[in-house]
Structure formats: C-alpha cells, structure tokens
Amino acid sequence: MRPEPGQVLHFSEDPTIERFVPHVAQTSSLGEPYVWAVGHDRCPDHWFPRACPRAMAWRGPDTTDEDVARIAGAGCGDRVHAVEYAWLQAIMDVRLYAYRLPAAGFAPIGDPPHAVVSREPVVPLGPPEPVGDLFELHEQAGIQLRVLDNLWPFWHEVTGSSMRFSGIRLRNARR
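Residues numbered from 1 in each chain as written. Predicted model: local features only at pLDDT ≥ 70, side-chain atom pairs only at ≥ 80, totals over all residues. Heavy atoms only, no water.

Caption draft 1: Spotlight on the packing of aromatic side chains. Following the criterion strictly, the structure yields 3 aromatic pairs and no others. The interplanar angle of 85° and the centroid separation of 5.1 Å between the aromatic rings of F20 and Y99 together place this pair among those described as edge-to-face. Pair noted here: F20 is in the loop between β1 (7-12) and β2 (35-37) and Y99 is in strand β5 (residues 97-102), with a separation of 79 residues, a long-range link. F20 gets classed as buried once you look at its relative accessible area, which sits at 8%. Between R79 and the ring centre of W58, over which it is positioned, the NZ or CZ distance is 4.6 Å. (Phe/Tyr/Trp six-rings, centres within 6.5 Å; stacked < 30°, edge-to-face > 60°. Helix = DSSP H or I, 4+ residues; strand = E, 2+ residues; numbered from the N terminus. Buried < 20%, exposed > 50% of the residue type's maximum accessible area, 1.4 Å probe, protein only. Lys NZ or Arg CZ within 6 Å of the ring centre and 35° of its normal.)

Printed below as a string of structure tokens:
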C-alpha cells in the first residue's frame, strides 16, 4: 500500500474519518498542530497496528555491508522490521486503512524527514482503503519481518550501527 504520484497516505484503524484536522499528537515532542502523513518510502513504517512497538532498520548511503549483514542478516535484504511476539495476534487481526491525501500542502518534517505534515485541514481524495494482510505487504516489499521476545537488544544494536533506523511506539515494548 503506497501512494500514487501527487498523494501521501495516512494510516488509521478508524475507517470513518471524513476530514483531517491539525492537532498536536500525543506522541509528538512538537507543540504545533499538524495533519500527519507519509510518502512512498516511509509507508512500510506504518504497516502495523497503531500501538504496536516496532524497530526498523534499512541500508542508507553510508551503511556498511558489515552492518547490513550483522543487523539484517546475510542474504536477508537491506531492510528489517522487528516486533515482539506479544504483538503477533494484533498484527494478524488489525483492520488497517489507508487514506489517500493530496500531497499539495504537505511539507517534510524531521532531519532526515520521516513524515510530511500539513497545517491546514485536509479532506481525503476518496474513501479509506483496507490495507489488507500486513505480512503479505512486508513480503511483497522485500522487507524482513523479525519477531523477537524483546525489542531493546535489537534496538541498541541498530542505533549503534551505520544503518538508518526508526522506532515507533517503543514505549509500548517490553522492559
């Protein structure tokens, strides 16, 4: 599930949103209200239930082959997403939807950018689309999905490597 040219996506478990209004996200360290969405490259970060903690790593321009082999695994591709066993059932059961939004009016946020934001209300281009099987999406994209007892050892290895990384909802991971 990726946006078409001129679009960005917002993923949600709520299929009833008719208009996105800027707000300050509870998880944001920023105080400004935004409508949040993602472009093509960051969609896989959101192929999960909203509250699911996940640690993700992928090859960047300065990533060493050694780190890819160590973090992703030899012969396992250039990107890996890790979740905890406790979230497998939620990943299988979630009904996730993608809202297609017009890219005009959105600007990148973060350094490097991890999302796009709008400061104005946004009306979806159409009804939300069911995202479908999240495991299948990962497989089709060539993204390794790793299941761990605890994310933290993996996360510490990733953040100490030359790979690019993102962690979402890590506060929900086991301690």
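Caption draft 2: Region of interest: the environment of Q7. Mapped onto the secondary structure, Q7 falls in strand β1. The exposure class assigned to Q7 is buried, which follows from its relative accessible area of 17%. As for Q7 and W152, which are separated by 145 residues in sequence, their C-alpha atoms are 34 Å apart.

So, to be careful, I would describe these as geometric facts and stop short of saying anything about function.
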